[in-house]
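Below, each chain spelled out in residue letters.
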Amino acid sequence: MSNNSSAISVKNLWQVFGPNPEKIVDSPDARLPRAELREKTGNTAAVQDVSFDVAPGEVFVVMGLSGSGKSTLVRCLTRLIEPTAGSVVLNGENIMEANAARLRELRRTKFSMVFQNFGLLPHRKVIDNIAFALEVNGVSKEKRHARANEVIELVGLQGFAYAYPEQLSGGMQQRVGLARALAVDPEVMFLDEPFSALDPLIRRDMQTEVIRLHEELGKTMVFITHDLSEALKLGDRIAIMRDGAVVQMGTAEELIANPADAYVEDFTRDVPKSHVLTVRTIARPLADSETATGRTIPADTIIRDATAAVLDANGPVGVVEGGNIIGYIKSRDILQVVGGGTHA
Amino acid sequence: MSVRTEPAIKIAPKSIRRSWLLGGLLIIWVAVAQILQGKATLELAVPENSKFTAWAGEVADSIRDNRNDGLAFKYFFNPIREFVDGFVNIIREFIAIPNGSSSIPVLGWLGVISLIGFVVFAVSNVRMAFAAVALTFACGALGLWTDSMDTLAMTFAAVILSLAIGIPVGIWAGLSDRVLKVVTPILDLAQILPTLVYLAPLALFFLIGPASATIATMVYSIPIAVRLTAFGIRGVPTSPVEAGTSMGTTKRQLLRKVQLPMSSRTIIMGINQTVMAALSFVVIAALIGAPGLGKPVIDALIIRNVGDGFVAGIAVVLIAIMLDRSTSAAITKKDTFVPPSEADRKRRKLALITAGIAAIVGIVLSRQMAWAAFFPKQIDIGSQVANASDSAVTWVTENMELLTAGLSKAVTVGVLNPLESILANSPWYLTIAMITLISLILGGIRSAIVSATLLIAVVATGLWYDTMITFTQTIVATMLTMLVGVVLGVWIGRSVRAERALRPILDAGQTLPAFVYLIPMLGFFGPSRFTAIATGILYSIPIVVKIVGQGIREVPVNMVEAATSTGSTKWQLITKVQLPAAKKSLLLATNQGLIFVLAVVVIGGLVGGGGLGYLVLLGSSKPELQGKGLVAGFCILLLGVMIDRIAQYMVARNSAPKH
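Residues numbered from 1 in each chain as written. Chains lettered and ligands numbered in written order. Predicted model: local features only at pLDDT ≥ 70, side-chain atom pairs only at ≥ 80, totals over all residues.

A. Expanded view of the overall build of chain B. Secondary structure assignment for chain B yields 28 helices and zero strands. Projected onto its principal axes, the C-alpha coordinates of chain B cover approximately 95 × 65 × 60 Å. For chain B, the proportion of its 659 residues judged to be buried stands at 49%. Within chain B, contacts between residues at least 6 apart in sequence are counted, and of these 79% link residues at least 24 apart. (Helix = DSSP H or I, 4+ residues; strand = E, 2+ residues; numbered from the N terminus. Buried ≥ 20, exposed ≤ 12 C-beta atoms within 10 Å, placed from the backbone. Contact = placed C-beta atoms within 7 Å.)

Listed below in structure tokens is the structure:
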């Protein structure tokens, strides 16, 4: 993917904690297991040589267990933590080179963040929490409240503008967090495990809400999570992190169909493949004994969604991509995937 | 077959060996001390100076001679003194002393009470406002209106100046790790510095009088304001701070809009503690000329007039309650960030206006009418209270002799004298060697070096014997404090009900100035070493109980449940699970206990405690002994540092992860 067309482009990003962090960058030591590195040099390489590009309007998910460096990574992208090395280019501007004033301006206007623990200001009303970034940027009270009211409507917080955060439920509080991040109309939104602190049911609502907002507003998002199902649900592409490094990056389907290593495979094992894989991955040539039914189905149909049509067909169904039939599937192929048979 | 030693097995014999070692050492110490009893004790008669104290006296004299022309005085000490003096006087003239040519302060008694009522209502609530009015009135009724107002004025002056310095520095230390690193050792030192220590040196530079007293009070209370402010700023959760930063706040905006509002509760708590510290110090600062209630307390202690001292003590307690309760009410108000509803706010505004008008009426009356200006003499129950307390004390000492004289004798003969014979009445080199060895065993090589160095420094000053007398009293008082403190601490740690019952008493005990405890103790036990010890115990029990109780409460529930499920009795549970698990808290409590006890035991010099405290007090009244007094103060400091260091190393050792 080229830099020019990316909303955000990260190159060789490193974050090393401890003494003389620069020495660890690109050194063989960085590859040592965590405990060994700490023993040897006193450092922790929280983010190691991470590179990726996010296209405009894409939802890019970074997924990993706790301690994998994903939260450090997202803080490096906005320089809440100064990275040790590497570059982050936002719409053509390398934010690593921005001085303090420029960085503040970028934060006030170009990107925004949503936090796991919401990070709301308890002494301010909902509306003043939402308008905070505008306020510190010197926008008049009238204008910023008008804008805040727009986003309040957008995230479904009507009627709560003058409440205080502690009067709201967790889910509602995170809606305030979302509204606050949207208020500046940012080019990129960073969401750091925004729903991890919420109940499962509310989490699902909020995920749907993010999908809706993304569809309506088309914001570029970098979304951090430790929850694979959340990653699969929201992410156009997913990067899986482990011990500070990205072990695999790709679409949900790529990760599940071709896990790069045992770690990713282990991760994705429990995912119902029929919910993620498309029929393309199970299309096969017609066997001699079979005759095509003449029915077809697009190659990017999710297997689960193809089930009814294929079972109905009573025979092999053609998988069409770009106008050509690339292979056939029939009910047995689908049942194999649904039944948990391995198929790659 | 090779045998692998398990680390767990290695630790057990080591700790057993350590206690054997200690026991053996103590036996040797006692034996040798018996043989060499009375030799090389370095005792220095009270009116005599050592070479070092004589030199210190000369230095003090030369400083005093330099007071008018010395550059440091001309451009540093004197301007500060004049500024502080001026500031204190403005406040005193406002409520306590005649203002200019007038015969009353700016506000007469009714004006002061009205203003107090209004201010307390504004920062807390109506109940507190009435309580504050009643408490202030009671001070007048005790016949101590002017002294009470002087104490209040001194306290306010010191608090305002302390906060003006302490809060900005605290904010700075809250924001910058580097600043925190610089101020932390100073704050730590200030915390272990017994109050008596810096009175004389400050008086030397700032003269005796309100200015010195205020500056000494500031030295005592600024660290508290700094510590709590920094703690508040650092205690703000990371996510709002990160959120603020991620939205592009400048540092100033972040501080003003996020960090300060979110730490306001802790900062107000800091103000509360600063006020209480200042009050307790202003009372003691009477020793260097602070006007107010401290004076009658000291006078009473010196001439052993328990009744009058008791009355003044009560006035101090009343003021302490008033200041503590009204500032704590302001803290409770900050429990929620949600402001009251619109209707409530309107009602409150109306009430404030009404109260304001009432206050103005009171103030105007107090400036116009004699009855509202001078506190009515007819209302004076001071002498009745004095008589009543005198007869109460007499009754107790006569009828409960076993409890007063008996207790005093038991501790003195049973614990104090034997320990004194080991520490003070045996050769100095034996004591130093043994203390150094014990610190080596308990705290490791670094604490041994610190102990040896500080003790040798004490020997060099020539006040070795007196230092050991004070050290003995400190140890005895701390042992008794720990005995009571651990029992009570375990009790409140295990029972929520006990905690609820004791907590207000402990809180109240903590807010009272140490001085106040001296008066009843003097009544019960007369002028003696035990009076100093008993006061030290009484003063330090609350903090010890609190720390132990918290330690017990923090023992993980599953540990307790596991022990209970294996059929432990209550006693086994306490001794085998809860106390060992709370070991760190016990050490911490001992450390705090020692420091608190030391601070009070030296004040006990006023009531026959002898030792360093007595020398300090003597030094401030006898010019030829002033050097000795200053050096005695320095020795108290050395003692405090030594005690604290040993305890800190022990804590560090016990909390270090074992491999």
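B. Looking closely at the overall build of chain A. Counting its regular elements, chain A contains 13 helices and 13 strands. Each principal axis of the C-alpha atoms in chain A carries an extent, and together these give about 75 × 55 × 35 Å. Counting only residues that meet the buried cut, chain A has 44% of its 344 residues in that class.

C. Local environment of the environment of A:L32. All names here are of chain A. On the secondary structure map, L32 appears in the loop between β1 (8-17) and α1 (34-41). Note: C-alpha distance between L32 and M63 (31 residues apart in sequence) is 22 Å. With residues up to four places along the chain from it excluded, the contact list for L32 reads L37 and K40.

D. A look at the packing of helix α13 (residues 306-333) of chain B against helix α22 (residues 514-525) of chain B. Residues and elements named next belong to chain B. It is the contact of α13 with α22, at a shortest axis distance of 9 Å, that shows an interaxial angle of 150°. Judged on the interaxial angle alone, α22 and α13 are roughly antiparallel. Crossing of α13 against α22: the hand is left-handed. In contact with V306, G309, F310, G313, V316 and V317 of α13, α22 contributes V516, I519, L522 and G523. Class assignment for the residues of the contact of α13 with α22 results in seven nonpolar, three polar and no charged. (Axes fitted to C-alpha atoms, helices over the stretch in contact; angles between N-to-C directions. Parallel < 35°, antiparallel > 145°, perpendicular 65-115°, else oblique. Left-handed = near helix turned anticlockwise from the far one by under 90°. Nonpolar A, V, L, I, M, F, W, Y, C, P; charged D, E, K, R; others polar.)

E. Layout of the sheet that holds β1(A). An order of β2-β1-β4-β5 (chain A) is seen for the four strands of this open sheet, with the pairing classed as antiparallel. The outermost strands of the open sheet, each flanked by one partner alone, are β2 (44-54) and β5 (93-94) of chain A. (Pairing = 2+ DSSP bridges.)

F. The environment of A:V337, seen in detail. Residues and elements named next belong to chain A. Position of V337 among the secondary structure elements: in helix α13 (residues 331-338). Taking the number of C-beta atoms within 10 Å as the measure of exposure, V337 has 22 and is therefore buried. A sequence separation of 33 residues divides V337 from R304, and the C-alpha atoms of the two residues are 9.4 Å apart.

G. Representation of the pairing of strand β12 (residues 317-321) of chain A in the model. Residue and element names in this part refer to chain A. In terms of strand pairing, strand β11 (residues 296-298) meets β12 through three bridges, oriented parallel. Its bridge partner lying in β12, P298 is registered against V320. In this fold, β11 hands off to helix α12 (residues 303-313), which returns the chain to β12; that crossover is right-handed. Sheet analysis places β12 next to strand β13 (residues 324-329), joined by five bridges and oriented antiparallel. When the bridges of β13 are listed, V319 appears paired with G327. (Right-handed = clockwise from strand over helix to strand, strands pointing away.)

H. Looking closely at the confidence of the model for chain B. All names here are of chain B. Mean pLDDT for chain B: 87, with 97% of residues reaching 70 or above. The element-level mean pLDDT for chain B is lowest in helix α1 (residues 7-35), coming to 73, with helix α6 (residues 145-175) highest at 95. Here the complex is predicted with pTM 0.84, and the ipTM for its interfaces comes to 0.82. (pLDDT = per-residue confidence, 0-100.)

I. Representation of the sheet that holds β11(A). Residue and element names in this part refer to chain A. Taken in spatial order, the three strands make up an open sheet running β11-β12-β13, and their pairing is mixed. Each edge of the open sheet carries a strand with a single partner, namely β11 and β13. Geometrically, the sheet is characterised by an average inter-axis angle of 35° between neighbouring strands, direction not taken into account. Here α12 sits on the sheet in contact with β11, β12 and β13, set at roughly 140° to β12.

J. How the structure looks around the interface of chain B and chain A. Listed by partner, the interface residues are 18 residues for chain B and 23 residues for chain A. Breaking the side of chain B that touches chain A down by element, the ones donating at least two residues are α10 (238-246) and α11 (251-284) of chain B. Here the element with the most residues in the side of chain B that touches chain A is α10(B); it accounts for six residues. Partitioned by chemical class, the residues of the side of chain B that touches chain A number nine nonpolar, eight polar and one charged.

K. Here's a closer look at the nonpolar core. Membership of the largest hydrophobic core comes to 193 residues, with the highest contact counts inside it found for B:V282, B:A285, B:A315, B:I319, B:L518 and B:V548. Non-local contacts of B:A315, meaning those with residues more than four positions away in its chain, are made with B:C139, B:L142, B:L144, B:S148 and B:L293. Counting 97 residues, the second largest nonpolar core, distinct from the first, contains A:M63, A:M241, A:I297 and A:V337. (Core = buried A, V, L, I, M, F, W, Y, C linked by C-beta atoms within 7 Å.)

L. Region of interest: the pairing of strand β4 (residues 85-90) of chain A. Residues and elements named next belong to chain A. With five bridges connecting them, β1 and β4 associate as antiparallel partners. Paired with K11 across the bridge in β4 is S87. Here two bridges tie β4 to β5, and the two strands are oriented antiparallel to one another. By the bridge assignment for β5, L90 is matched with E93. The loop that links β4 with its antiparallel partner β5 comprises two residues; one of these, N91, has a positive phi angle of about 45°.

M. Molecular detail of unusual backbone geometry. In this structure, A:N12 is a non-glycine residue whose phi angle is positive, near 45°. Mapped onto the secondary structure, A:N12 falls in strand β1. By the C-beta count within 10 Å, which is 14 here, A:N12 ends up partly exposed. Even without a glycine there, the phi angle at B:L207 is positive, about 65°. Within the fold, B:L207 resides in the loop between α8 (199-206) and α9 (210-235).

N. The arrangement of the packing of helix α20 (residues 464-494) of chain B against helix α27 (residues 611-621) of chain B in detail. Residues and elements named next belong to chain B. One way to put it is that α20 packs onto α27 with a least axis distance of 6 Å and a crossing angle of 125°. As far as their axial angle goes, α27 and α20 are oblique. Residues D466, T467, I469, T470 and Q473 of α20 pack against G611, L612, G613 and L615 of α27. Here the contact of α20 with α27 is built from residues that sort into three nonpolar, five polar and one charged.

O. Expanded view of the environment of A:E193. Residues and elements named next belong to chain A. Of note, E193 is situated in the loop between β7 (188-192) and α8 (200-217). Overall, the presence of 20 C-beta atoms within 10 Å leaves E193 in the buried class. Spatially, the C-alpha atoms of E193 and A98 are 27 Å apart, while their sequence positions differ by 95 residues. Apart from residues lying up to four places away in sequence, E193 is in contact with Q116, I224, T225 and H226.

P. Here's a closer look at helix α3 (residues 100-109) of chain A. Here α3(A) has its buried residues at A:L106, A:R107 and A:R108. Among the structural elements, β6 (111-114) and α5 (132-136) of chain A together with α10 of chain B are those in contact with the buried residues of α3(A).

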